[in-house]
Amino acid sequence: MSDAEVQISMFDRIGGPVTVDRLVESFYQRMDTLPEARTIRAMHAPDLGQVKSVLKRYLTEWTGGPKLYSVEKGHPRLRQRHLGFAIGDSERDAWLTCMRGALEETVADAAARSDMDAALTKLADWMRNTAGNPHDTGAGRP
Ligand code: HEM
């Protein structure tokens, strides 16, 4: 691979650890205060400290930065970890509203912001687990 083809990770494109930290703080600040996020806020513990720290580690790894999540938690199995919470279209939309505001506020590079938005939208879509989710229409589920 020539120098011109070296891949820059999403982690570096958005601004590394400083941005991940600010992004997650802004995301939960929005979840904590936006009326449209009230339902998903109520799914979380009163103190968001723990989940903030886990999401920072997860996003660091998921964007191609240091593997701070899996060393501690193993394979993310993120959808499975969310099965205890009823996530449908409106919960996904509330989550994305908080995340999009946080991306706007903290990721300066417009192309990186839009790529992050697209990737997180897919992930949030996939997290839905209530009846009628297209991911659950296949066989093999009780
Ligand atoms: C789509 C709507 C979503 C809802 C309603 C939701 C809700 C939740 C809730 C209630 C928890 C548990 C918090 C606690 O323990 O207090 C959680 C954990 C978590 N969520 Fe989500 N989530 C959503 C989407 C996502 C997405 C798209 C990601 C990835 C970018 C994500 C990443 C995480 C992580 C990393 C944890 C911690 C899991 C662990 O303990 O290892 N969530 N989420």
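Residues numbered from 1 in each chain as written. Predicted model: local features only at pLDDT ≥ 70, side-chain atom pairs only at ≥ 80, totals over all residues. Heavy atoms only, no water.

Caption draft 1: View of the nonpolar core. Residues Phe27 and Leu59 are the most contacted members of the largest nonpolar core, which totals 30 residues. Going through the elements one at a time, helix 1 (10-14), helix 2 (16-33), helix 4 (49-62), helix 7 (89-106) and helix 8 (110-126) are the ones with two or more residues in this core. Of the residues forming this core, the biggest block, 6 residues, is contributed by helix 2. Discounting chain neighbours no more than four positions away, the residues touching Phe27 are Leu55, Trp95, Cys98, Met99 and Ala102. (Core = buried A, V, L, I, M, F, W, Y, C linked by side-chain atoms within 4.5 Å. Buried < 20%, exposed > 50% of the residue type's maximum accessible area, 1.4 Å probe, protein only. Helix = DSSP H or I, 4+ residues; strand = E, 2+ residues; numbered from the N terminus. Contact = heavy atoms within 4.5 Å.)

Caption draft 2: Structural context of the environment of Ala42. Position of Ala42 among the secondary structure elements: in helix 3 (residues 38-43). Separated by 28 residues in the primary sequence, Ala42 and Ile14 place their C-alpha atoms 30 Å from one another.

Caption draft 3: Representation of the layout of surface pockets within the structure. Of the volumes computed, that of the largest pocket is approximately 730 Å³. Taken together, 27 residues make up the lining of the largest pocket; nearest its centre are Tyr28, His44, Val51, Leu78 and His82. Those elements that provide at least two residues to the lining of the largest pocket are helix 2, helix 3, helix 4, helix 6 (78-81), helix 7 and helix 8. For the lining of the largest pocket, the element with the highest residue contribution is helix 4, accounting for 6 residues. Of the residues contributing to the lining of the largest pocket, the split by class is 20 nonpolar, 3 polar and 4 charged. (1 Å grid on protein atoms, 1.4 Å probe; cavity = no way out; pocket = protein on both sides within 12 Å on 5 of 7 lines; lining within 4 Å. Points joined across faces, edges and corners; volume = space filled by probe spheres on them. Nonpolar A, V, L, I, M, F, W, Y, C, P; charged D, E, K, R; others polar.)

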